Amino acid sequence: MNSVALFGSRIVNKVPFFLVLSRKFCDYSGDGGKTDNGFSCIEETLTDIWESSNFDATMNGNGGLHDYQRTAEAQFSIRRVFLDNVKFDASRVLEILQNDGPGFDAKLVLSESGIRVSEILVREVLSGILRSVNYADKTKCAKLGYKFFVWSGQQENFRHTANSYHLIMKIFADCEEFKAMWRLVDEMIENGFPTTARTFNILICTCGEVGLARKVVERFIKSKLFNFRPFKNSYNAILHALLGIRQYKLIEWVYQQMSDEGYAPDILTYNIVMCAKYRLGKLDQFHRLLDEMGRSGFSPDFHTYNILLHVLGKGDKPLAALNLLNHMKEVGFDPSVLHFTTLMDGLSRAGNLDACKYFFDEMANKGCMPDVVCYTVMITSYIAAGELEKAQDLFDGMITKGQLPNVFTYNSMIRGFCMAGKFDEACTMMKEMESRGCNPNFLVYNTLVSNLRNAGKLAEAHEVIRHMVEKGKYIHLVSKFKRYNRC
């Protein structure tokens, strides 16, 4: 405790050699909590289309700039048509797959459909199946995904890429078909594809037990086929993935292996390991790493202060946090909405609502406009403190200012109405979010159903579940609602 108490004075009396911590690291939520799909690479098909455009020849022609602009517009139009066609074909494929069963050979129908297989089509189809896993039959999703994967791989002039393998592996992982997933890893390697940080991320997320996770880590550390880019080394790629699934003790072990192998930590390494030390409550080791980081000559980065603001907020140190924010300004780093949100989240968890409100107003005074995450943190703080009216005012205000609530904002408001016994308003709020295109997740349904049941409103609770089932959402999770029998 003394370590935390001294923390505020330490950060303003010495050069702040702190760690970089991205928003993704700090705002882990279970998808709220699901691992990020990560399929953000540029598709080779579109890249080829773009690169095949002879821009140099166009610029050197006699037509000049106007001809160049017309050519660029034409190229853009071609790309749009191509994408629209691919999406249309993907919807056809998904419809065909859905009809697969006795008396209907999906592979044969696909072969006779005339649909041209490309990398972007495979991505669209597999992504569509992946999105349906949460509320569809998991066994069927895995079966249809693999059937399409095999069929597309058999088509002339087409070869699966690492991205295709990662998509079908993620489908298997989400459908809990772990043996099939591992067989795909072996097949992927046999076909000449190196395992990457994305491969590791998918595999490690399926290993709940530390013992099994360690075996996966050891395999990747020793693998000579592990393409760990864009990270500096394989250890950073592994540490990054482990942080996302909160394997803090395993992070300590990997860091020790890294040190034993003679790899010097960089700013990202310190970032992750310090976060793990804090999460494990090892504040003395946290501070030692902070000092070591400074001695190693690492300069602070724009996002470096994020974890420290979280520590100070959760430790209920608003004055020290204010000093840190002022120090950031002095050294040329304007605090962003991320920094204020992280701080307010920590203060909220510490129960200091007054400090939350102060920093919420302070960020606006400094010209830093709150985003939906920031509003949600503040609304959740009011709900936790039983201040429903203030939460409602803030909720209405964010919409007026153009910030649309997300599923977590709505969940907080629904929980607040239920806590106040305003169940009609809670049900109306769920209908409102649907009308605004924000589909409730299972957390929202569970919040409303649980509170209705606890209040003895069983008929209303069953009506919410029935509505969820009729929409085809989370049917495989209906059993989690006790005492609900489907007709």
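Note that the coordinates shown come from a computational prediction; the quantities given were computed from them, not determined experimentally.

1. Side note on the overall build of the protein chain
Phase 1: If you tally the helices and strands in the protein chain, you get 26 helices and two strands.
Phase 2: Evaluated residue by residue, the protein chain yields a buried proportion of 48% over its 487 residues.
Phase 3: Counting contacts in the protein chain only where the partners sit at least 6 residues apart, residues at least 24 apart contribute 66% of the total.

2. A few points about the pattern of salt bridges
Phase 1: Here the structure, examined in full by the defined rule, presents 16 salt bridges.
Phase 2: Ionic pairing is found between Arg-123 and Glu-124, a salt bridge with its closest N-O pair at 2.7 Å. Accessibility classification places Arg-123 together with Glu-124 in one group, the buried group.
Phase 3: Here Glu-463 and Arg-466 are joined by a salt bridge, their closest N and O atoms 2.2 Å apart. Placement of the pair is Glu-463 and Arg-466 together in helix α26 (residues 458–470), with a separation of three residues, close to one helical turn.
Phase 4: The class for Glu-463 is partly exposed, based on a relative accessible area of 38%.
Phase 5: Owing to a relative accessible area of 33%, Arg-466 belongs among the partly exposed residues under this scheme.
Phase 6: What you see here is one network of salt bridges that share partners, running through Glu-252, Lys-277 and Lys-282.

3. Here's the deal with the packing of helix α9 (residues 162–174) against helix α10 (residues 178–190)
Phase 1: Where α9 meets α10, the axes come as close as 8 Å, and the angle between the chain directions of the two elements is 165°. As judged from the angle between their axes, α9 and α10 are roughly antiparallel. Judged by the twist between their axes, the crossing of α9 over α10 is left-handed. Taken together, the residues of α10 that come into contact with α9 (itself represented by Ala-162, Tyr-165, His-166, Ile-168, Met-169, Phe-172 and Ala-173) are Phe-178, Ala-180, Met-181, Leu-184, Val-185, Glu-187 and Met-188.

4. Some remarks on the packing of helix α21 (residues 372–384) against helix α23 (residues 407–419)
Phase 1: For the pair α21 and α23, the least separation of the axes is 9 Å and the interaxial angle reads 15°. One finds that α21 runs roughly parallel with respect to α23. The handedness of the crossing between α21 and α23 comes out as left-handed. On α23, the residues that touch Val-372, Thr-376, Ile-379, Thr-380 and Ile-383 of α21 are Phe-408, Thr-409, Ser-412, Met-413, Arg-415, Gly-416 and Met-419.
Phase 2: Class assignment of the residues belonging to the contact of α21 with α23 gives a composition of six nonpolar, five polar and one charged.

5. Details of the environment of Pro-230
Phase 1: Among the secondary structure elements, Pro-230 is positioned in the loop between β2 (226–227) and α13 (234–244).
Phase 2: Along the chain, Pro-230 and Thr-196 lie 34 residues apart, while their C-alpha atoms are 9.6 Å from each other.

6. Brief notes about the side chain of Ser-113
Phase 1: Relative to the helices and strands, Ser-113 resides in the loop between α6 (106–112) and α7 (119–132).
Phase 2: A polar atom in the side chain of Ser-113 sits 3.3 Å from the backbone nitrogen of Ile-115.
Phase 3: Once you skip the residues sitting within four places of it in the chain, Ser-113 turns out to touch Arg-92 and Ile-96.

7. Notes on unusual backbone geometry
Leaving glycine aside, a negative phi is the common case for residues, and trans is the common case for peptide bonds.
Phase 1: For Arg-246, which is not a glycine, the phi torsion comes out positive at approximately 60°.
Phase 2: Overall, Arg-246 belongs to the partly exposed group, its relative accessible area being 45%.
Phase 3: Here the phi dihedral of Asp-316 falls at roughly 55°; this positive angle occurs in a residue that is not glycine.
Phase 4: Tracing the backbone through its elements, the reader meets Asp-316 in the loop between α17 (306–314) and α18 (318–330).

8. What about the packing of aromatic side chains?
Phase 1: All told, the structure shown has 14 aromatic pairs when counted by the stated rule.
Phase 2: On the numbers, 5.7 Å between centres and 70° between planes, the contact of Tyr-270 with Phe-298 is edge-to-face. Highlighted residues: Tyr-270 in helix α15 (residues 267–279) and Phe-298 in the loop between α16 (283–295) and α17, separated in sequence by 28 residues.
Phase 3: Taken together, the ring pairs connect Tyr-146, Phe-149, Tyr-165, Phe-172 and Phe-193 into an aromatic cluster.

9. Let's talk about α26
Turn by turn, an α-helix covers 3.6 residues, leaving residues three or four places apart pointing in a common direction.
Phase 1: For α26, with 13 residues, the first-to-last C-alpha span of 18 Å sits near the 18 Å given by 1.5 Å per residue.
Phase 2: Restricting attention to buried positions, one finds in α26 the residues Ala-461, Val-464, Ile-465, Met-468 and Val-469. The arc enclosing the buried residues of α26, seen along the axis, measures out at 135°, which places them on a common side. Exposed and oriented more than 90 degrees from the buried face of α26 are Ala-459 and Glu-470.

10. Notes on a negative patch on the surface
Phase 1: A surface patch of negative charge is lined by Glu-387, Glu-389, Asp-393 and Asp-396.
Phase 2: Structurally, Glu-389 is set in helix α22 (residues 388–400).

11. Some words on α17
Phase 1: Within α17, eight of the nine residues are buried, which leaves it mostly tucked inside the rest of the structure.
Phase 2: Buried residues of α17: Asn-306, Ile-307, Leu-308, Leu-309, His-310, Val-311, Leu-312 and Gly-313, and no others.
Phase 3: Just beyond α17, the residue with positive phi is Asp-316, at close to 55°.

12. What about the confidence of the model for the protein chain?
Atom-level detail of predicted coordinates should not be read off regions where pLDDT is low.
Phase 1: Scored by pLDDT, the protein chain comes out at a mean of 81, with 81% of its residues at no less than 70.
Phase 2: Element-level mean pLDDT values for the protein chain span from 28 in helix α3 (residues 44–51) up to 97 in α23.
Phase 3: Note that pLDDT drops below 50 for residues 1–66; the model gives that stretch 119 contacts with residues more than four away or on any other chain.

Rules used throughout
Residues numbered from 1 in each chain as written. Predicted model: local features only at pLDDT ≥ 70, side-chain atom pairs only at ≥ 80, totals over all residues. Heavy atoms only, no water. Helix = DSSP H or I, 4+ residues; strand = E, 2+ residues; numbered from the N terminus. Buried < 20%, exposed > 50% of the residue type's maximum accessible area, 1.4 Å probe, protein only. Contact = heavy atoms within 4.5 Å. Salt bridge = Lys/Arg side-chain N within 4 Å of Asp/Glu carboxyl O. Axes fitted to C-alpha atoms, helices over the stretch in contact; angles between N-to-C directions. Parallel < 35°, antiparallel > 145°, perpendicular 65-115°, else oblique. Left-handed = near helix turned anticlockwise from the far one by under 90°. Nonpolar A, V, L, I, M, F, W, Y, C, P; charged D, E, K, R; others polar. Polar contact = N/O pair within 3.5 Å; in protein donor to acceptor, adjacent residues only side chain to side chain. Phe/Tyr/Trp six-rings, centres within 6.5 Å; stacked < 30°, edge-to-face > 60°. Expected span 1.5 Å × (residues − 1). Arc of directions from axis to C-beta. Patch = residues over 30% accessible without salt bridge, like charges linked within 9 Å, V, L, I, M, F, W, Y side chains within 5 Å. Areas by Shrake-Rupley, 256 points an atom, 1.4 Å probe, with all protein chains shown as cover. Lys, Arg positive; Asp, Glu negative; His and termini not counted. Charge placed at Lys NZ, Arg CZ, Asp CG, Glu CD. pLDDT = per-residue confidence, 0-100.

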